[in-house]
Amino acid sequence: MRSAFSMSIAERHGAELYAALRERRTVPPLIARDPSLTVDDAYAISLDFLARCMGDGEKVIGKKIGVTSKAVQDMLGVHQPDFGFLTDRMLIEGDIDIAATGLIQPRAEAEIAFILRKGLKGPGVTAAEVIDATESIAPCFEIVDSRIDDWKIGIVDTVADNASCGVFVLGEARADPRAHDLPALHVRVTKNGAPLSEGYGSAVQGNPAEAVAWLANTLGQYGVSLNAGDVILSGSLVPLAPAVAGDRFEMTLEGVGMCTATFV
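About the thresholds
- Residues numbered from 1 in each chain as written.
- Predicted model: local features only at pLDDT ≥ 70, side-chain atom pairs only at ≥ 80, totals over all residues.
- Heavy atoms only, no water.
- Helix = DSSP H or I, 4+ residues; strand = E, 2+ residues; numbered from the N terminus.
- Rg over C-alpha atoms; globule rule 2.2 N^0.38 Å.
- Buried < 20%, exposed > 50% of the residue type's maximum accessible area, 1.4 Å probe, protein only.
- Contact = heavy atoms within 4.5 Å.
- Areas by Shrake-Rupley, 256 points an atom, 1.4 Å probe, with all protein chains shown as cover.
- Lys, Arg positive; Asp, Glu negative; His and termini not counted.
- Charge placed at Lys NZ, Arg CZ, Asp CG, Glu CD.
- Pairing = 2+ DSSP bridges.
- Axes fitted to C-alpha atoms, helices over the stretch in contact; angles between N-to-C directions.
- Expected span 1.5 Å × (residues − 1).
- Polar contact = N/O pair within 3.5 Å; in protein donor to acceptor, adjacent residues only side chain to side chain.
- Salt bridge = Lys/Arg side-chain N within 4 Å of Asp/Glu carboxyl O.
- Core = buried A, V, L, I, M, F, W, Y, C linked by side-chain atoms within 4.5 Å.

Please provide a residue-by-residue account of the overall build of the protein, values included.
Counting secondary structure elements, the protein contains 7 helices and 11 strands. Taken against the 2.2 N^0.38 rule, which gives 18 Å for 264 residues, the C-alpha radius of gyration of the protein at 17 Å falls within 12% of a compact globule. Expressed along its principal axes, the backbone C-alpha trace of the protein runs to roughly 50 × 45 × 35 Å. Here the protein holds 264 residues, and 56% of them are scored as buried. For the protein, the proportion of contacts with a sequence separation of at least 24, taken over those separated by at least 6, is 76%. Total accessible area on the protein is roughly 10,300 Å²; 53% of this is exposed by carbon and sulfur atoms. Both charge centroids of the protein, one from 23 positive and one from 35 negative side chains, sit 2 Å from each other.

Below you can see the structure in the form of structure tokens.
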């Protein structure tokens, strides 16, 4: 990380992305304006962005992994996973009011959420340790969003923009991950009552528990841990789908339960 230079960049771009979030607008890609930006710089920007959200009263309640499946990587042109922070303002119970939640260009993705009963900190975290640390899994819709013009993101832009976090919805069902073959978990998604997509847990780095282990180890490089009680979104099992007011998405995670995301 580039110390003082990096921090000045972090503050400038963090303030810009935070203003875009609050004003429901987008900005040109950061990397197009500053090709020298590194992933470490992007992480510093994301922490500045997060600090501004926390200064506005938000609390961190979990973390997320993004761009884990080949379908999503091909769609966005980003070919490595990214990570971001979830706050209490992002957790939605009930309908998703696009304007009230500050969404700009939302897309829905079906995921498996891990709810931790104990913390994890890399390096060296394994998938088996993730399972041991997990209280339960739940069906989840993450509604990703981007403060970058027209989703023209690379890895630097999406990391800086808190991994394109928007909001998320947890289904009521809870299941013991030890009772399921996570790579074989099958999800079906409908949009407005019509079949939309389907996928398996294996779409997420071969095993969603491996993806959570990757997150713990990656964040550990920056001194950040996964904490007891955290909600961890492990990555989309299906391609992202654009959402507008009036849309209703339903997912069924076989053997676990359902989750619904309704936009108003």
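Next comes the rest of the write-up.
So what about the sheet that holds strand β6 (residues 186-191)? Which residues, and what values?
In sheet architecture, strand pairing relies on hydrogen bonds along the backbone and comes in two forms, parallel and antiparallel. Spatially, β7-β6-β10-β11 is the arrangement adopted by the 4 strands of the open sheet, whose pairing is antiparallel. Sheet topology places β7 (194-200) and β11 (257-262) at the edges, where each strand pairs with a single neighbour. Pairwise comparison of adjacent strand axes, ignoring direction, gives a mean angle of 15° for this sheet. Pairing between strand β10 (residues 248-253) and β11: 6 bridges, direction antiparallel.

Requested: an account of the pairing of strand β2 (residues 82-87), with residues and values cited.
For β2, the buried fraction is high: 6 of the 6 residues fall into the buried class. Sheet analysis places strand β1 (residues 60-66) next to β2, joined by 6 bridges and oriented antiparallel. Within β2, the position partnered with K63 by the bridge is F85.

Can you tell me about helix α7 (residues 208-220), naming the residues and giving the values?
With 13 residues, α7 extends 18 Å between its outermost C-alpha atoms, agreeing within 8% with the 18 Å of an ideal straight helix rising 1.5 Å per residue. Burial of α7 is extensive: 10 of the 13 residues sit out of reach of the surface. Taken together, the buried positions of α7 are P208, A209, A211, V212, A213, L215, A216, T218, L219 and G220. Taken together, the buried residues of α7 touch α3 (39-55), β1, β2, β3 (107-116), α5 (127-133) and β8 (231-236).

Would you mind going over the environment of T87 in detail, with residue names and values included?
Relative to the helices and strands, T87 is located in strand β2. Looking at T87, the relative accessible area reads 1%, which means it is buried. Along the backbone, T87 and F168 are 81 residues apart, and their C-alpha atoms lie at a distance of 9.9 Å. If sequence neighbours within four positions are ignored, T87 has contacts with L50, E58, K59, V60, I61 and F168. There is a polar contact of 2.5 Å between the side chain of T87 and the side chain of E58.

Explain the pattern of salt bridges residue by residue, including any values.
Considering all chains together, one arrives at 16 salt bridges under this definition. Across the pair E16 and R33 runs a salt bridge whose closest N-O atoms are separated by 3.0 Å. Within this pair, whereas E16 is found in helix α1 (residues 3-23), its partner R33 is found in helix α2 (residues 30-33), the two being separated by 17 residues in sequence. The exposure class assigned to E16 is partly exposed, which follows from its relative accessible area of 21%. Looking at R33, the relative accessible area reads 40%, which means it is partly exposed. For R117, the salt bridge is made with D132, and the minimal N-O distance between the two is 3.5 Å.

Give a detailed account of the nonpolar core, specifying residues and quantitative values.
Formed by 53 residues in total, the largest nonpolar core has its most connected members in I96, F114, F141, I143 and L226. If you tally residues by element for this core, the top one is α7, at 7 residues.

Account for the side chain of N207, naming residues and giving values.
As for its position among the elements, N207 is in the loop between β7 and α7. Residue contacts for N207: discarding those within four places in its chain leaves L182, P183, G201 and S202.

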